[in-house]
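# Fold and geometry: a report
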Amino acid sequence: MNAHAPAWLTVPDDVNALRPDEWAADVARSAAGEVSVAGLPAAELAREFGTPLFVLSEEDFRRRARLFRDTFAEAFKRIGAEAEVYYAGKSFLCTEVARWVESEGLGLDTCSAGEMLVARRAGFPAARVALHGNNKSAAEIARALDDGVGRIVSDSLDELSLVERIARERGVVAPVMLRLKTGVQAHTHESIATAHEDQKFGLSMASDEGRSEAHEAAARAIASEHLELLGVHAHVGSQIFEPTGFEQSAARLIAFLAEIRDEHGVELSELDLGGGHGIAYTPEDTPRPVAELAEASADVVARECAAHSLAVPSVSVEPGRAIVGPTTFTLYEAGTVKDVRLESGAGGAVRRYVAVDGGMSDNPRPVLYGADYSVTLASRTSAAEPVLSRVVGKHCESGDIVVRYAYLPGDVAAGDLLAVPATGAYCWALSSNYNYLPRPAVVAVRGGEARLIVRRETEDDLLARDIG
Ligand SMILES: Cc1ncc(COP(=O)(O)O)c(C=O)c1O
Ligand SMILES: N[C@@H](CCCC[NH3+])C(=O)O
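As a starting point, this report considers the structure included with it. (Residues numbered from 1 in each chain as written. Chains lettered and ligands numbered in written order. Predicted model: local features only at pLDDT ≥ 70, side-chain atom pairs only at ≥ 80, totals over all residues. Heavy atoms only, no water.)

### Comments concerning the packing of helix H5 (residues 138-147) against helix H6 (residues 157-170)
- One can describe the packing of H5 onto H6 by two numbers: an axis separation of 10 Å at closest approach and a directional angle of 50 degrees. Here H5 is positioned oblique relative to H6, judged by the angle of their axes. Considering the relative orientation of H5 and H6, their crossing is right-handed. Between H5 and H6, the residues in contact are Ala138, Ile141, Ala142, Leu145 and Asp146 and Glu159, Leu162, Val163, Ile166, Ala167 and Arg170, respectively. (Axes fitted to C-alpha atoms, helices over the stretch in contact; angles between N-to-C directions. Helix = DSSP H or I, 4+ residues; strand = E, 2+ residues; numbered from the N terminus. Parallel < 35°, antiparallel > 145°, perpendicular 65-115°, else oblique. Left-handed = near helix turned anticlockwise from the far one by under 90°. Contact = heavy atoms within 4.5 Å.)

Structure, rendered in structure tokens:
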């Protein structure tokens, strides 16, 4: 136990071992210590595509997508209902990934014109696309209607009026769902909790007197000739492990469906329970198996619908992180290594700072949410003693940390490759050009072959928007 490391970080028995749950299923480590994915060694990928590099296992992505699709379908079949899975594209989207999502039979959750554009380019059937967003522009709504998007998840009364006006101008009926603030307090970082009252998303269900925003929106949508109200949606937040938030949220949505039936005589047919299922970044994180998530959701939906004498609606969920997060690791090359004294005097504790060739521009999550990651030496095995280390980036900020706490072999040096697992979600998607660093490439690996699916930015890209 080191006073400068958190309790969950124990000195590893074997500093070369991979923790299995953080990696794609086809990642392995050879006797020589080389990390490989689907049979391809990391060093070969680094040579061919450069570093930093996002390495994504296609087979693992497809497997996780199918797991969600089939497990939710089975669990809801048991209660006589259908369940669909919409992959949350905000976590990571490019044309090729949209094609995989389509071919595995999932829907796609988008939240901007740009994400819809990627879906369109991939030939994704618009009927299986959902459009989210708390401030959709008129152009985005028009695109959704013109493309024939299957559901526009409406976030405010203002937006509902805008959708109606644009639908009327086009002479069409817009399929809408209402995103509700179920008032649930999610146990996650404040910036990614999304169902309590004091945040920007959704229609409030609270009212002191008269109708709540949510009830008002439902009344307007039901009364409009140009809106078809499909159902309701709530998203509790992201990186959540506690089942209670999901369950309370589902119960409140179903109570709302009953109130709408009682007030308007209409039984809405769709219920979207959102995404937010957490993954393991460190041993502190304890994700529940997908089967458990699906069974728990089906149980609560069956119970609450029975309590309100409602027919069970079609259910959908929107996982992003839980599908793509563990499929990907980031490969970095180590550069400068520095020992920093944490305690004075001979034998006082030291933290080793290992700088890599990327940082907060390819993974801002540690800076934004205090997120923790793990790391492993990926290009060789080492017999050196583990040393308490911090992997940092190359940006001009002391907060530019990639892995806050890790034990790395004591002989890690410039030129070694380091792999940071579970970087598939909200890393490339949140990447930036801070300090004029080009965004890394994303390479998909399957059956011993590697394919570039997003190319690395070039110096020309960096100058392209600068008028000069
Ligand atoms: C409406 C909605 N659905 C789905 C997601 C996906 O969340 P996650 O990647 O945590 O599953 C998000 C992001 O939190 C969201 O805002
Ligand atoms: N970007 C956040 C998740 C946001 C979820 C989108 N609503 C993260 O990395 O944890």
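What follows picks up the thread again.
### Points about the site of ligand 2
- Neighbouring residues of ligand 2: Lys90, Ile192, Ser238, Arg321, Arg365, Tyr369, Tyr426 and Leu430.
- Measuring from an oxygen atom of ligand 2, one finds a side-chain N or O atom of Arg365 at 2.5 Å.
- Contact distances for ligand 2 include 2.8 Å between a nitrogen atom and a side-chain N or O atom of Tyr369.
- When the free accessible area of ligand 2 is taken as 310 Å², the share hidden by the protein chains comes to 84%.
- Here ligand 2 occupies the largest pocket.
- The residue makeup of the shell around ligand 2, split by class, is four nonpolar, one polar and three charged. (Near = heavy atom within 4 Å. Polar contact = N/O pair within 3.5 Å; in protein donor to acceptor, adjacent residues only side chain to side chain. Areas by Shrake-Rupley, 256 points an atom, 1.4 Å probe, with all protein chains shown as cover. 1 Å grid on protein atoms, 1.4 Å probe; cavity = no way out; pocket = protein on both sides within 12 Å on 5 of 7 lines; lining within 4 Å. Sits in = over half its atoms within 2 Å of the grid points. Nonpolar A, V, L, I, M, F, W, Y, C, P; charged D, E, K, R; others polar.)

### So, helix H3 (residues 95-103)
- Those residues of H3 lying buried are Thr95, Glu96, Val97, Ala98, Trp100 and Val101.
- With its phi angle positive at about 80 degrees, Gly105 sits one or two positions after the end of H3. (Buried < 20%, exposed > 50% of the residue type's maximum accessible area, 1.4 Å probe, protein only.)

### Side note on the pairing of strand S8 (residues 151-154)
- Here S8 shows a buried face lined by Arg151 and Val153 and a second buried face lined by Ile152 and Ser154.
- One ladder, built from two bridges, connects strand S7 (residues 129-131) with S8; its direction is parallel. Note on S8: the bridge partner recorded for Leu131 is Ile152.
- Between S7 and its parallel partner S8, the chain crosses via H5, and the hand of that crossover is right-handed.
- Here S8 runs beside strand S9 (residues 174-181); their pairing, made up of three bridges, is parallel. Residue pairing in the sheet places Val153 in a bridge with Met177 of S9.
- In this region the chain leaves S8, passes through H6 and returns to the parallel neighbour S9; the handedness of that crossover is right-handed. (Pairing = 2+ DSSP bridges. Right-handed = clockwise from strand over helix to strand, strands pointing away.)

### Quick look at the packing of aromatic side chains
- In the structure shown here, the tally under the stated rule is eight aromatic pairs.
- With 5.4 Å between their ring centres and 75 degrees between their planes, Phe61 and Tyr87 make a pair best called edge-to-face. A residue pair is termed long-range when its members are at least 10 positions apart, and Phe61 in helix H2 (residues 58-77) and Tyr87 in strand S5 (residues 83-88) qualify at 26 residues.
- The buried category is assigned to Tyr87, whose relative accessible area is 0%. (Phe/Tyr/Trp six-rings, centres within 6.5 Å; stacked < 30°, edge-to-face > 60°.)

### Points about the environment of Ala113
- Note that Ala113 resides in helix H4 (residues 113-121).
- C-alpha of Ala113 to C-alpha of Ala142: the two residues are 29 residues apart in sequence and 9.7 Å apart in space.
- Sequence-distant contacts of Ala113, that is, excluding residues within four places in its chain, are made with Glu140 and Arg143.

### Overview of empty space enclosed by the protein
- Under the counting rule described, the total for this entry stands at two cavities of 30 Å³ or more.
- Counted as a void, the largest cavity has a volume near 120 Å³.
- Taken together, 14 residues line the largest cavity, and the ones lying closest to its centre are Phe246, His277, Arg288, Leu293 and Ser297.
- Put simply, the parts of the chain that give the lining of the largest cavity at least two residues each are helix H8 (243-264) and helix H9 (290-307).
- When the residues that make up the lining of the largest cavity are grouped by side-chain class, the tally is nine nonpolar, three polar and two charged. (Points joined across faces, edges and corners; volume = space filled by probe spheres on them.)

### Topic: the site of ligand 1
- Of all residues adjacent to ligand 1, which total 15 residues, the nearest are His235, Ser238, Gly276, Glu318 and Tyr426.
- Note that a nitrogen atom of ligand 1 is positioned 3.3 Å from one of the side-chain N or O atoms of Asp109.
- One of the side-chain nitrogen or oxygen atoms of Glu318 is found 2.6 Å away from a nitrogen atom of ligand 1.
- Protein chains shield 93% of the accessible area of ligand 1, which is 390 Å² for the free molecule.
- Residue classes in the shell around ligand 1 are distributed as three nonpolar, seven polar and five charged.

### Details of the state of the cysteines
- Taken as a whole and judged by the stated rule, the model has zero disulfides.
- Note on Cys94: no disulfide assigned, nearest cysteine sulfur contributed by Cys427 at a separation of 15 Å.
- Looking at Cys94, the relative accessible area reads 8%, which means it is buried. (Disulfide = S-S within 2.5 Å.)

### Here we look at the pattern of salt bridges
- Taken as a whole and assessed by the stated rule, the structure comprises 37 salt bridges.
- For Arg151, the salt bridge is made with Glu270, and the minimal N-O distance between the two is 2.4 Å. Residue Arg151 is found in strand S8, and its partner Glu270 is found in strand S12 (residues 270-272); the two are separated by 119 residues along the sequence. Residues Arg151 and Glu270 agree in their burial class; the two are buried.
- The partner of Arg261 in a salt bridge is Asp262, and the shortest N-O contact between them spans 3.0 Å.
- Here the salt bridges share partners, and the residues they tie into one network are Glu58, Glu59, Arg62, Arg66, Glu96, Arg99, Glu104, Arg446 and Arg451. (Salt bridge = Lys/Arg side-chain N within 4 Å of Asp/Glu carboxyl O.)

Read these as geometric descriptors, not functional statements.
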